[in-house]
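# An overview of the molecular structure
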Amino acid sequence: MKFAICTLGCKVNQYETQAMEQELLRRGHSLTAFDGPADAYIVNTCTVTAVSDKKCRNIIRRARKGAPEAVVAVCGCYAQTAPEAVAELGADVVSGSAGRMAFLDHIEEQLRARQSPIVDVDEALRRRSFERLPAGGQAGRTRAMLKVEDGCVNFCSYCIIPYARGPIRSLPLEEAVEQAKKLAEEGYREVVLTGIEISSWGHDLKNGQDLTDLIEAVCEAAPHLRVRLGSLEPRTVTEEFCRRVSVLPNLCPHFHLSLQSGCDATLKRMNRKYDTQRFYRSVELLREYFHAPAITTDLIVGFPRETEEEFQETLSFVRRCAFAAMHIFPYSRRPGTPAAFMEGQIPKAEQEQRAHRAAEAAGEMERAYLQNLVGTILPVLFEEEKGGLWQGHAPNYVAVRAPGKDLHNCLRSVRVTAVEGENLLGEICE
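Just so it is clear, the structure is predicted and the values come from calculations on it, not from any experiment.

### Here we look at the overall build of the protein
Counting secondary structure elements, the protein contains 13 helices and 18 strands. Against the 2.2 N^0.38 benchmark of 22 Å for 430 residues, the protein shows a C-alpha radius of gyration of 22 Å, consistent with a compact globule. Its C-alpha atoms give the protein principal-axis dimensions of about 60 × 55 × 50 Å. The burial tally for the protein puts 57% of its 430 residues in the buried class. Within the protein, contacts between residues separated by at least 24 positions form 73% of all contacts whose residues are at least 6 apart in sequence. Accessible area of the protein: about 18,800 Å², with a carbon and sulfur share of 51%. When the 53 basic and 58 acidic side-chain charges of the protein are each reduced to a single mean position, those positions are 2 Å apart.

Rendered as structure tokens:
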């Protein structure tokens, strides 16, 4: 059968889609483009914001309307939290954020003999075991993702994800090491350690191991594989963490620290577990132990009761941190979360205006970070040719473009000559 998959959301969703792709190919099926003819259309959904939910609904409707005879199957976080709504959109199979192999089984059942819709969604908060899926990347990719953790128990007041993903579950260290070795043998040059909250890796294993142990083990097991980290809880970055991981030559100096607000009063309402002083200490440590690391972050603007003065505090703080890049989100009201019931909800127009101002600050910091790299030499892993130039990423995850030939999956030293928008231009060093 021909399968088409559309993926929304985070790197964990991308990883799980790639695992489903591998399994479908193993079962003898073929993959095709989502906007073309197929026997089954899979939508892997996200629910992190109300906008995400709307995108999911639109794609499901479009698939149903465009191919009335095909099987439309929906999984992921939006399907986990709103299975009835998904079923009402005409989905033939509805699953959640777990049980991927059973989900594919249900699709094959519907393909063999169409029956009434199958809705198979568990209770996420009751999950206790890590779902093992094959690691890897999509065809032609140079970078693979390795999911090492699932779930979150932080329960930030704005976030629906703990209810969609359940409690912390970790891939044992030995299995992560074996998967990393396998990826290196398959020809990948970089692996991204990903999860819903990778800083919590190991908490459920109760054997004394933590994320630092995992990073060391993976880096040492696959020394020729660049290792990149997913988003980190700021308190992960301690003196010991930096001392141990800074000596790993294949660890990428790119650290995404989730901030959300630069105002302590707002952080408290968000139920974040740190304040700005602790966050800034993490920034200082990373710059002390790593040379010119790329420190990036997420920011929510327009959180309930956020005053103009509090927003100004946030702008001042992010400039002090001098982030290499920022992802900015207007606050999204999620039913079922404490923040949805808070007084002082900020009007959408004000949220958008603050997002615009934050984006201006982010742009200034990004340009400054990129400009400081002009004249340096960076090792670039090239991925694809675009507009006559080859494009890839440096260890700090900055996109670099340079002239060359047949550079796919090649690692080359590049002397940076200029900044072009969000990219660097350079020349390959002989």
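### Looking at the layout of surface pockets
Of the pockets and cavities examined, the second largest pocket occupies roughly 390 Å³. His 291, Ala 292, Tyr 369, Leu 373 and Asn 396 are the residues nearest the centre of the second largest pocket, which is lined by 20 residues in total. Those elements giving two or more residues to the lining of the second largest pocket turn out to be α13 (348–371) and β14 (377–386). Top contributing element to the lining of the second largest pocket by residue count: α13, with four residues. Across the lining of the second largest pocket, the residue classes break down as 14 nonpolar, four polar and two charged.

### Brief notes about the pairing of strand β10 (residues 226–229)
Of the two faces of β10, both are covered, the one formed by Arg 226 and Arg 228 as well as the one formed by Val 227 and Leu 229. In terms of strand pairing, strand β9 (residues 190–195) meets β10 through four bridges, oriented parallel. Bridging across to β10, Val 192 finds its partner in Arg 228. Running through helix α8 (residues 211–221), the crossover from β9 to the neighbouring parallel element β10 is right-handed.

### A word on the nonpolar core
Counting 75 residues, the largest nonpolar core has Tyr 158, Ile 215, Leu 229, Leu 251 and Phe 279 as the members making the most contacts within it. Sort the elements by how many residues they give to this core and α8 lands first, with six residues. Ignoring anything within four residues of it in the chain, the contact list for Leu 251 reads Ile 215, Cys 219, Val 227, Leu 229, Val 245 and Phe 290. Counting 23 residues, the second-largest nonpolar core is a separate cluster that includes Val 43, Val 72, Ala 79 and Ala 82.

### Things to note about the sheet that holds β9
The four strands lie next to each other as β8-β7-β9-β10, forming an open sheet whose pairing is mixed. Only two strands of the sheet have a single neighbouring strand rather than two, namely β8 (169–170) and β10. Note that strand β7 (residues 143–150) and β9 share six bridges and pair parallel. Bridged to Ala 144 within β9 is Val 191. Along the sheet, helix α1 (residues 11–26) contacts β7 and β9; its crossing angle with β7, the most-contacted strand, is approximately 110°. The sheet strands contacting α8 are β7, β9 and β10, and the helix crosses β10 at an angle near 160°.

### Some details on the environment of Arg 415
Mapping Arg 415 onto the fold places it in strand β17 (residues 411–420). C-alpha of Arg 415 to C-alpha of Leu 373: the two residues are 42 residues apart in sequence and 9.4 Å apart in space. Setting aside residues up to four positions removed in sequence, Arg 415 forms contacts with Thr 376, Ile 377, Leu 425, Gly 426, Glu 427 and Cys 429.

### Let's talk about the pattern of salt bridges
Here the structure, examined in full by the defined rule, presents 35 salt bridges. With its nearest N and O atoms 2.7 Å apart, the salt bridge here joins Glu 190 to Arg 228. In this pair, Glu 190 is assigned in strand β9 and Arg 228 in strand β10, connecting sequence segments 38 residues apart. On the basis of relative accessibility, which here comes to 3%, the residue Arg 228 falls in the buried class. When salt bridges that share partners are traced, they join Glu 16, Arg 100, Lys 147, Asp 150, Arg 165 and Arg 169 into one network.

### Side note on the side chain of Arg 272
As for its placement among the helices and strands, Arg 272 is situated in the loop between α10 (264–269) and α11 (276–289). Among buried Asp, Glu, Lys and Arg side chains, Arg 272 stands out as unpaired, with Glu 233 the closest opposite charge at 5.7 Å. Those residues in contact with Arg 272, other than ones at most four positions away along the chain, are Cys 156, Tyr 158, Ser 258, Leu 259, Gln 260 and Leu 267.

### Here we look at a nonpolar patch on the surface
A grouping of Leu 125, Val 153, Phe 155 and Tyr 163 is seen on the molecular surface, where their side chains present a nonpolar patch of about 330 Å² in accessible area. Here Leu 125 lies in the loop between β6 (118–120) and β7. Owing to a relative accessible area of 45%, Leu 125 belongs among the partly exposed residues under this scheme.

### Some remarks on the sheet that holds β17
Spatially, five strands are ordered β14-β15-β16-β18-β17 in a closed barrel, and the strand pairing comes out mixed. Each adjacent strand pair in this sheet contributes to an overall mean axis angle of 50°, direction not counted. Examined bridge by bridge, β14 and β17 share five bridges and lie antiparallel to one another. Residue pairing in the sheet places Ile 377 in a bridge with Arg 415 of β17.

Rules and cut-offs
Residues numbered from 1 in each chain as written. Predicted model: local features only at pLDDT ≥ 70, side-chain atom pairs only at ≥ 80, totals over all residues. Heavy atoms only, no water. Helix = DSSP H or I, 4+ residues; strand = E, 2+ residues; numbered from the N terminus. Rg over C-alpha atoms; globule rule 2.2 N^0.38 Å. Buried < 20%, exposed > 50% of the residue type's maximum accessible area, 1.4 Å probe, protein only. Contact = heavy atoms within 4.5 Å. Areas by Shrake-Rupley, 256 points an atom, 1.4 Å probe, with all protein chains shown as cover. Lys, Arg positive; Asp, Glu negative; His and termini not counted. Charge placed at Lys NZ, Arg CZ, Asp CG, Glu CD. 1 Å grid on protein atoms, 1.4 Å probe; cavity = no way out; pocket = protein on both sides within 12 Å on 5 of 7 lines; lining within 4 Å. Points joined across faces, edges and corners; volume = space filled by probe spheres on them. Nonpolar A, V, L, I, M, F, W, Y, C, P; charged D, E, K, R; others polar. Pairing = 2+ DSSP bridges. Right-handed = clockwise from strand over helix to strand, strands pointing away. Core = buried A, V, L, I, M, F, W, Y, C linked by side-chain atoms within 4.5 Å. Axes fitted to C-alpha atoms, helices over the stretch in contact; angles between N-to-C directions. Salt bridge = Lys/Arg side-chain N within 4 Å of Asp/Glu carboxyl O. Patch = residues over 30% accessible without salt bridge, like charges linked within 9 Å, V, L, I, M, F, W, Y side chains within 5 Å.

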